[in-house]
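Listed below, chain by chain, are the residues.
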Amino acid sequence: MGTTILPDIGTEILVPVCAVVGIVFSLFQWLIVSRVKVSPGHDSASANSGSGKNGYTEYLIDEEDGGNDQSVVLKCAEIQNAISEGATSFLFTEYQYVGVFMVAFAVLIFLFLGSVEGFNTSSQPCKYDETKLCKPALATAVFSTISFVLGGITSVVSGFLGMKIATYANARTTLEARKGVGKAFITAFRSGAVMGFLLAANGLLVLYITINLFKIYYGDDWGGLFEAITGYGLGGSSMALFGRVGGGIYTKAADVGADLVGKVERNIPEDDPRNPAVIADNVGDNVGDIAGMGSDLFGSYAEASCAALVVASISSFGINHEYTSMLYPLIVSSGGILVCLITTLFATDFFEIKAVNEIEPALKRQLIISTILMTAVVAIISWIALPSSFTIFNFGTQKVVKNWQLFLCVAVGLWAGLIIGFVTEYYTSNAYSPVQDVADSCRTGAATNVIFGLALGYKSVIIPIFAIAVSIFVSFSFAAMYGIAMAALGMLSTIATGLAIDAYGPISDNAGGIAEMAGMSHKIRERTDALDAAGNTTAAIGKGFAIGSAALVSLALFGAFVSRAGITTVDVLTPKVFIGLIVGAMLPYWFSAMTMKSVGSAALKMVEEVRRQFNTIPGLMEGTAKPDYATCVKISTDASIKEMIPPGALVMLTPLIVGIFFGVETLSGVLAGSLVSGVQIAISASNTGGAWDNAKKYIEAGASEHAISLGPKGSDPHKAAVIGDTIGDPLKDTSGPSLNILIKLMAVESLVFAAFFATHGGLLFKIF
């Protein structure tokens, strides 16, 4: 249908080079962060050369507050060590269980897909062109299994590296806060960027290498090649599910236990070293909000890429073996890494943060700059990497598409992501009236706070859903299911910046905790609190992006599944489909019930243990005795490992049970139902929890006359706000974020097993 300006050799150079640039940039950021020494003495400031606004030669400005006391620095290092050890220990325990699952599921993939043609090793007529011969189903089984394992390992490594970087940076952020809020901000943001760029670049590089290695065997059978690649997305998301659920249960069990006994019952500050659950709480920020989130967004990226590649492989790109056009999704992601690199410099080098009120605008600027630059880059990529006209597979027919139409598909996803981000910020930031209204409702107690918070969450769903709906309509009208997959990739194209902003939040939260535990001055704690408050909002924005992209990714995977399973139409009026639809819509509620109950059960044990220590350890409240942190860490670890298995099993087994016993039509209904209800619950749960959290912080900060009238800490409105925050914890950090994995994972799993379900599925309907 036409040639591309960018030759194939250009693509072969561009994609891996951009990935390597991303990795090098992340290592460079890590090197700069490592210059902040977590050791006593003036050498932490003077040993580093470099001057100017982002140099490290400034003297500490809080020496008169005891901020440079050697014992304080040693204390910071000690606390950092405890948090890092706790997080590493938990992740290793979690990965042992997840490793067993990975092996078992890999065997299942091989057996199910291999049995499609009875483990036949001879070539078969191609599904979409029977005049040609394609590789046997056994080959798809082998290569799908390999790509599943690769995706799983990449996901696990992404999460683990993120956690290591966050625990490396938290105390350094605390120590930099002695030089001013600007220094602390840059340290936290650079550390977030390390994670963002490592994850984006690793995901891209592993996928690119896997495609090229598989190509050696598959040759011209691109349909088979990219069908096998879908295992990469399944591996990434299945590991993310356990990371999100396990990490979410861990962090919220510790958080709820620490808050209920410490703040509400004992009236001691957040992160007070006397609180036995304080280390477990800070460990939780890293295993849930960093490792879990990293795996989650990697899963979204992998699945969006796989969905786009599967549809493209049966379109003119794949049929005519147009290598550059075929890898258009990867080229867009490569451009995204370069855009995010330039965007990061605006936060770390081009502008200096001098005051607390400049933090949130600086983070919002990141989103705006990356979106504007990415729009221009996608226009260029669409011009050079696509022919002027081509065809896209559209449920049995080939739809003619122009390159500018595909550009608009990516752009609409990109801008929809920005809209969802800003709407999320409006509903969760205490700078705006929705959260201030929730805070005001605390005057009359916790009940009105809960009512206002729930109403806010439900209302916050409206605009994001319209944004997603417009994206779907525009992208499907232009380029069918491939357009939707590219809209999802558009939303995720600035993933490195999104992750940097997201990871910044938990790092700042930890930094505040370390400052409190190390007994640093009130001035330093105020700075870390300001960083943390901005981080809370950006974390909510990150969750909004993750949920929005999950909706588009799931729909694209759903389209690929329907095509692969040979379904021509999904008719809601047929009983087979409708029963699937209504059961699918119920699944997010069942899943949320499981995760919420798990947090509640684990928190119950934590509360009992914290109470026991306060009641039985003499001198604990006076600060003369040390609490037993290790027992609380163990409670969180044991509870989360045990409790993450049932929700994980629900998600992983549902497509298999429905596909085998009820067939592909009912399964298509289940996928559609879970997508429609899951997105709504995920958005409302995340935003309700985020609003309650920031309403509490609004009262604590006392930055306006209205906030002062509700405070101070320990007042009745503040106690009501703490209760709201505690209820919101499992909503915003466990159930909400895990739901987007539920809808993606069920869709990608159905796609991987589509051939098996189409051949052997629907046993009950065959019997009766």
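Naming follows an unreviewed UniProt entry, where the chain appears as H(+)-exporting diphosphatase of Carpinus fangiana. Recorded under Subcellular location (unreviewed entry), the UniProt text for the chain is reproduced unchanged: "Endomembrane system".

Peer 1: Explanation requested: helix α23 (residues 716-752) in the structure shown.
Peer 2: Given 3.6 residues per turn, any residue in an α-helix points the same way as the ones three and four places further on. With 37 residues, α23 extends 54 Å between its outermost C-alpha atoms, agreeing within 8% with the 54 Å of an ideal straight helix rising 1.5 Å per residue. The axis of α23 is deflected most strongly, by about 40°, at G728, and proline P730 appears within four residues downstream. Taken across its 37 residues, α23 has 33 buried, putting it largely inside the fold.

Peer 1: Explanation requested: empty space enclosed by the protein in the structure shown.
Peer 2: Where empty space is left in the structure can be found by rolling a water-sized probe over the atoms. All chains considered together, the criterion is met by eight cavities of 30 Å³ or more. In this structure, the largest cavity encloses a volume near 400 Å³. Lining the largest cavity are 32 residues, and of these D289, D509, N536, D693 and K732 lie nearest its centre. Elements supplying a minimum of two residues to the lining of the largest cavity: α6 (222-265), α7 (278-313), α16 (495-517), α17 (522-564), α21 (664-701) and α23. Empty space within the second largest cavity amounts to approximately 140 Å³. Looking at the second largest cavity, it is lined by 16 residues, and the ones nearest its centre are T494, I495, G498, L499 and F545. Those elements that provide at least two residues to the lining of the second largest cavity are α11 (359-385), α15 (462-492), α16 and α17. Among the elements that take part in the lining of the second largest cavity, α16 stands out by supplying six residues, more than any other. Classifying every residue of the lining of the second largest cavity by side-chain character gives nine nonpolar, six polar and one charged.

Peer 1: Can you help me understand the packing of helix α3 (residues 70-114) against α16 in this one?
Peer 2: The relative placement of two packed helices is expressed as an angle between their axes plus a distance between the axes. Packing of α3 against α16 leaves a shortest axis separation of 9 Å and a crossing angle of 130°. The orientation of α3 relative to α16 falls into the category oblique. Crossing hand, α3 versus α16: right-handed. Within the contact between the two elements, α3 uses K75, C76, I79 and I83 and α16 uses N510, I514 and M517. Among the residues making up the contact of α3 with α16, the classes are represented as five nonpolar, one polar and one charged.

Peer 1: What's the story with the pairing of strand β3 (residues 389-394) in this structure? I'm lost.
Peer 2: Both faces of the sheet carry side chains from a regular strand, because those side chains alternate between them. Within β3, six of the six residues are buried, which leaves the element mostly enclosed by the surrounding structure. Side chains S389, T391 and F393 project from β3 onto one buried face, and the interleaved F390, I392 and N394 project onto a second face that is buried too. Pairing analysis gives six bridges linking β3 to strand β4 (residues 397-402), with the strands arranged antiparallel. If you follow F393 over to β4, its bridge partner there is Q398. Between β3 and β4, which follow one another and run antiparallel, lie two residues, and F395 among them has a positive phi close to 50°.

Rules and cut-offs
- Residues numbered from 1 in each chain as written.
- Predicted model: local features only at pLDDT ≥ 70, side-chain atom pairs only at ≥ 80, totals over all residues.
- Heavy atoms only, no water.
- UniProt positions renumbered as here; feature names shortened; annotations may be inferred.
- Helix = DSSP H or I, 4+ residues; strand = E, 2+ residues; numbered from the N terminus.
- Expected span 1.5 Å × (residues − 1).
- Bend = angle between axes of the 7 residues up to and from the residue.
- Buried < 20%, exposed > 50% of the residue type's maximum accessible area, 1.4 Å probe, protein only.
- 1 Å grid on protein atoms, 1.4 Å probe; cavity = no way out; pocket = protein on both sides within 12 Å on 5 of 7 lines; lining within 4 Å.
- Points joined across faces, edges and corners; volume = space filled by probe spheres on them.
- Nonpolar A, V, L, I, M, F, W, Y, C, P; charged D, E, K, R; others polar.
- Axes fitted to C-alpha atoms, helices over the stretch in contact; angles between N-to-C directions.
- Parallel < 35°, antiparallel > 145°, perpendicular 65-115°, else oblique.
- Left-handed = near helix turned anticlockwise from the far one by under 90°.
- Contact = heavy atoms within 4.5 Å.
- Pairing = 2+ DSSP bridges.

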